[in-house]
Amino acid sequence: MTGDATTATAEGPTRLVGWRRAVSLLGSLQGYIGLVLVLAFGIVTRGGTFLSQSNLTNAVGAFASRGILAVGETLVILTAGIDLSVGSMLGLASMVSAMLLVNQNLPPWVILPACMLCGAVMGLANGIGTTWLRIQPFVMTLATLSVFRGIDRQLSDNVSVGTQVAGADGKLTGNADSFQLFGTPGHNLFTGVVGAGVYYPVLAFVVVCVVGQLALSQTRFGRHVYAVGGNEAAARLSGVNTDRVKIAVFTLCGLLAGFAGPIDAAYSASADPLAGTSYELDAIAAAVIGGASLAGGRGSIVGTFVGALILTLLDNVLGLNAVSDNLQLIIKGCIVVVAVVLQRPDLLRGAADFVRRVARRGAPASTGRSS
Amino acid sequence: MTGQAARTDPPVLALRGVSKRFGAVQALTAVDLEVHAGEVVALVGDNGAGKSTLVKAISGVTTADEGAIEFEGRPVHIGRPHDAQALGIATVYQDLALADNLDVVGNLFLGREVRRFGVLDEVEMERRSRELLDTLSIKIPSVRIPVASLSGGQRQTVAISRSLLGDPKIVILDEPTAALGVEQTAQVLDLVERLRDRGLGVILISHNMADVRAVADRVAVLRLGRNNGFFDGRGTSQEEIISAITGATDNAVTRRAARSAEPGAADADPVAAETSGTEEGQ
């Protein structure tokens, strides 16, 4: 999203000036085009329904756990790594949260840190595997994707655990009731006072994004994350402990997956042994749509936030328009390709050059520009 | 062998009898090297002569098996890159110096970011970046553009000026002009001279004899891991240095030079004349 707007000269036929302006504008707004298009599509086709508070809240809330995964995924991708195990980590964390609630009857404020710790340990394992054992991140996290899922299923004996625990009186226990606040639809972020009306998944996602973005742009750690992704050898020779940075991003990614686990469990009102399957693909897609490069060093949390919004609102809009699931999958895939192509500044520069050439050919009698 | 005894003041950095072995390969054998303040020492040698190993031993990437390193007259041990940096030895690696995706300020302060209350102090870092680049008369379009958009020469000057932030006494430049154009090479050589004028000791590794003769006060030649002569940077002909690098006057470079030079010049060196006679037609 750097301002790589092409410099279009003001001379030339007026009909094409507009074109060139449009191309350079596209260049500077690359990251937001998709979001604007999706919003426009939603408003045009299903105006009132789409824009209603409850619809938007539900749309974002349904995606919140995957959005939080995408933030962690972005950190890893920025260092030129990848984490395929986030879905499994989320699944295991959601199972741990449900079992702590059902078997131990722990309050949510104990469950949440416990799940985050659990996720952090899993992320640490990924980080150690990729640095000390020098396993490629793709391979290491492919392995742990399988391992963590296996532990999840072993732990639950392949049976999902409901989180709506009833007490002796037939009502929800106090802890189960407060656990529901993590994700039950119906609470609305945009109405009521804080505490009563806050829709936790949306709030959690936004807070994670803000904290993540600040950490990346304002701290030494964030600078080192970008440096490791940009040129690992240079970072190491500059005194950056590159192994520690990589272990840190994997651990943070796991920690965020652990944070998202209870949200997912509460949202579904149960922890399924298969919860989070293929979430890693949504997380990676959100990061990539948001401008992250798998080669590392390029991307931001703001971008990932926008990417996640595009994905979730697209889902929502297509759902509202009763587009079939199969078609939705195809459209989502195409969106990823279009987003990646749009975010290449050289492509837009090439398009601008093309427009300029056409302009010259179209008006050979105009000024003799040589460039 | 003129340059070695020319200076009487103690050297900033002195290597005495440094040896290094990698398995069956003897990379360095009893190598000596002295660098004084305000002096550019060119380190030359053929591929595999041990230049890189020697530089790695000085900068702490590897450690020497034998021999002593003295810094400002004191014997020191350099076990890791941090030790060298702490002493005041900065190394600029050819291709590995900069992160393309960071801007000039980000690269200059990478690994030593200035912080206020735990948060990056971008204003202070930018101010000090401009100051540093100004004192070195380096022209960069903006300190806030990613270094990927700089020219090769500008990148190299940023990489070199970056090494000065730690206030070093010795700067090691590994092939700073490789892959640069004529204009850009001149920019970098100008900067090397400014480093010398600031009183820094500079070790310049280069394959380019024109560069070496342009800026070097002394030339240290390595051959097969051993010292093979020290030369005065300006009073020595290119042929003499190349002879020392290749280890003999009888080699493809001198034969070619002898053939292309006028007959009188070739006769001045009896060995070259003799061998070029016996191996005529090659």
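The model shown is predicted, which means the values in this text are computed figures rather than measured ones.

Looking now at the overall build of chain B. Check the secondary structure of chain B and you find 11 helices and 12 strands. By residue count, 40% of the 282 residues in chain B fall in the buried class. Sequence separation of 24 or more characterises 64% of the internal contacts of chain B that already satisfy a separation of 6 or more.

Contacts between chain A and chain B engage 17 residues on the former and 15 residues on the latter. Those elements giving two or more residues to the side of chain A that touches chain B turn out to be helix H9 (220–230) and helix H10 (232–237) of chain A. Classifying every residue of the side of chain A that touches chain B gives seven nonpolar, seven polar and three charged.

All names here are of chain A. Direction vectors running N to C along helix H8 (residues 200–218) and H9 enclose 75°, while the axes themselves pass 5 Å from each other. Considering their axes alone, H8 and H9 lie roughly perpendicular with respect to each other. Here Ala215, Leu216, Ser217 and Gln218 of H8 come into contact with H9, specifically with Phe221, Gly222 and Val225.

On to the environment of Ser270(A). Inspection of the secondary structure puts Ser270(A) in strand E2 (residues 270–271). For the pair Ser270(A) and Leu294(A), spaced 24 residues apart in sequence, the C-alpha to C-alpha distance is 34 Å.

Moving on, we get to helix H6 (residues 137–156) of chain A. Residues and elements named next belong to chain A. Helix length check: H6, at 20 residues, gives a terminal C-alpha distance of 28 Å against a target of 28 Å (1.5 Å per residue), a fit within 8%. On the buried face of H6, the contacting elements are helix H4 (86–104), helix H5 (108–131) and strand E1 (161–162). Where H6 ends, the next residue or the one after it, Asp157, has phi of about 55°, a positive value.

Residue and element names in this part refer to chain B. Taken in spatial order, the four strands line up as E2-E1-E4-E5 in an open sheet, and their pairing is antiparallel. What marks the edges here is a single partner per strand, and that holds for strand E2 (25–35) and strand E5 (74–76). Each adjacent strand pair in this sheet contributes to an overall mean axis angle of 30°, direction not counted. In terms of strand pairing, strand E1 (residues 13–22) meets strand E4 (residues 66–71) through five bridges, oriented antiparallel. Its bridge partner being in E4, Ala14 is matched across the sheet by Glu70.

So, about the sheet that holds strand E6 (residues 89–92) of chain B. Within a sheet, neighbouring strands are paired by backbone hydrogen bonds and run either parallel or antiparallel to one another. Residue and element names in this part refer to chain B. Strand order in the open sheet formed by six strands is E6-E9-E10-E3-E11-E12, and the pairing between neighbours is mixed. Since the sheet does not close on itself, it has two edges, and those belong to E6 and strand E12 (226–232), each with one partner. Mean inter-strand twist for the sheet, computed between neighbouring axes without regard to direction, equals 20°. The pairing of strand E11 (residues 218–223) with E12 spans five bridges and is classified as antiparallel.

Glancing now at the environment of Asn101(B). Note that Asn101(B) resides in the loop between E6 and helix H3 (104–108). Residues Asn101(B) and Pro81(B) lie 20 residues apart in sequence; the distance between their C-alpha atoms is 24 Å. Discounting residues that sit within four places of it in the chain, Asn101(B) has contacts with Tyr226(A), Gly230(A), Gly297(A), Arg298(A), Pro146(B) and Ala148(B).

As a further point, take the UniProt feature "transmembrane region" (unreviewed entry) in chain A. Residue and element names in this part refer to chain A. In the numbering used here, UniProt assigns the feature "transmembrane region" (unreviewed entry) to residues 22–44, 84–102, 109–133, 198–216, 245–263 and 283–314. Helix makes up 89% of residues 84–102 and strand 0%, with an end-to-end C-alpha separation of 29 Å. Taken end to end, residues 245–263 comprises 100% helix and 0% strand; its first and last C-alpha atoms sit 27 Å apart.

Residues and elements named next belong to chain B. Of all residues in chain B, 85% attain a pLDDT of 70 or more, and the chain-wide mean is 82. Summarising per-element confidence for chain B, the mean pLDDT is lowest in helix H11 (residues 270–278) (43) and highest in strand E10 (residues 201–205) (93). For the stretch residues 265–282, pLDDT sits under 50, and the model shows 18 contacts to residues farther than four places along the chain or on other chains. Interface confidence in the predicted complex, given as ipTM, is 0.77; pTM for the same model is 0.80.

As a further point, take the confidence of the model for chain A. Residues and elements named next belong to chain A. Averaged over every residue, the pLDDT of chain A is 83; residues scoring 70 or more account for 83%. No element of chain A has a lower mean pLDDT than helix H1 (residues 14–28), which averages 57, and none a higher one than H6, which averages 96. Scored below 50 in pLDDT, residues 1–13 shows 30 contacts in the model against residues more than four places distant or in partner chains. Scored below 50 in pLDDT, residues 188–196 shows 15 contacts in the model against residues more than four places distant or in partner chains.

So, on to the packing of H4(A) against H6(A). Residue and element names in this part refer to chain A. With their axes 8 Å apart at the nearest point, H4 and H6 run at an angle of 20° to one another. By the angle between their axes, H4 is roughly parallel relative to H6. In this structure, H4 crosses over H6, and the sense of that crossing is left-handed. Here Ser88, Met89, Gly91, Leu92 and Met95 of H4 lie close against H6, whose contacting residues are Leu145, Phe148, Arg149, Ile151, Asp152, Leu155 and Ser156. Looking at side-chain class alone, the contact of H4 with H6 contains seven nonpolar, three polar and two charged residues.

For the rest of this paragraph, the subject is the pairing of E1(B). Residue and element names in this part refer to chain B. Where E1 lies against E2, seven bridges are found, and the strand directions are antiparallel. Bridge pairing in E2 links Lys20 to Leu28. Counting the residues that bridge the hairpin from E1 to E2 gives two residues, and of these Gly23 lies at a positive phi of roughly 55°.

Each value, and the rule that gives it
Residues numbered from 1 in each chain as written. Chains lettered and ligands numbered in written order. Predicted model: local features only at pLDDT ≥ 70, side-chain atom pairs only at ≥ 80, totals over all residues. Helix = DSSP H or I, 4+ residues; strand = E, 2+ residues; numbered from the N terminus. Buried ≥ 20, exposed ≤ 12 C-beta atoms within 10 Å, placed from the backbone. Contact = placed C-beta atoms within 7 Å. Nonpolar A, V, L, I, M, F, W, Y, C, P; charged D, E, K, R; others polar. Axes fitted to C-alpha atoms, helices over the stretch in contact; angles between N-to-C directions. Parallel < 35°, antiparallel > 145°, perpendicular 65-115°, else oblique. Expected span 1.5 Å × (residues − 1). Pairing = 2+ DSSP bridges. UniProt positions renumbered as here; feature names shortened; annotations may be inferred. pLDDT = per-residue confidence, 0-100. Left-handed = near helix turned anticlockwise from the far one by under 90°.

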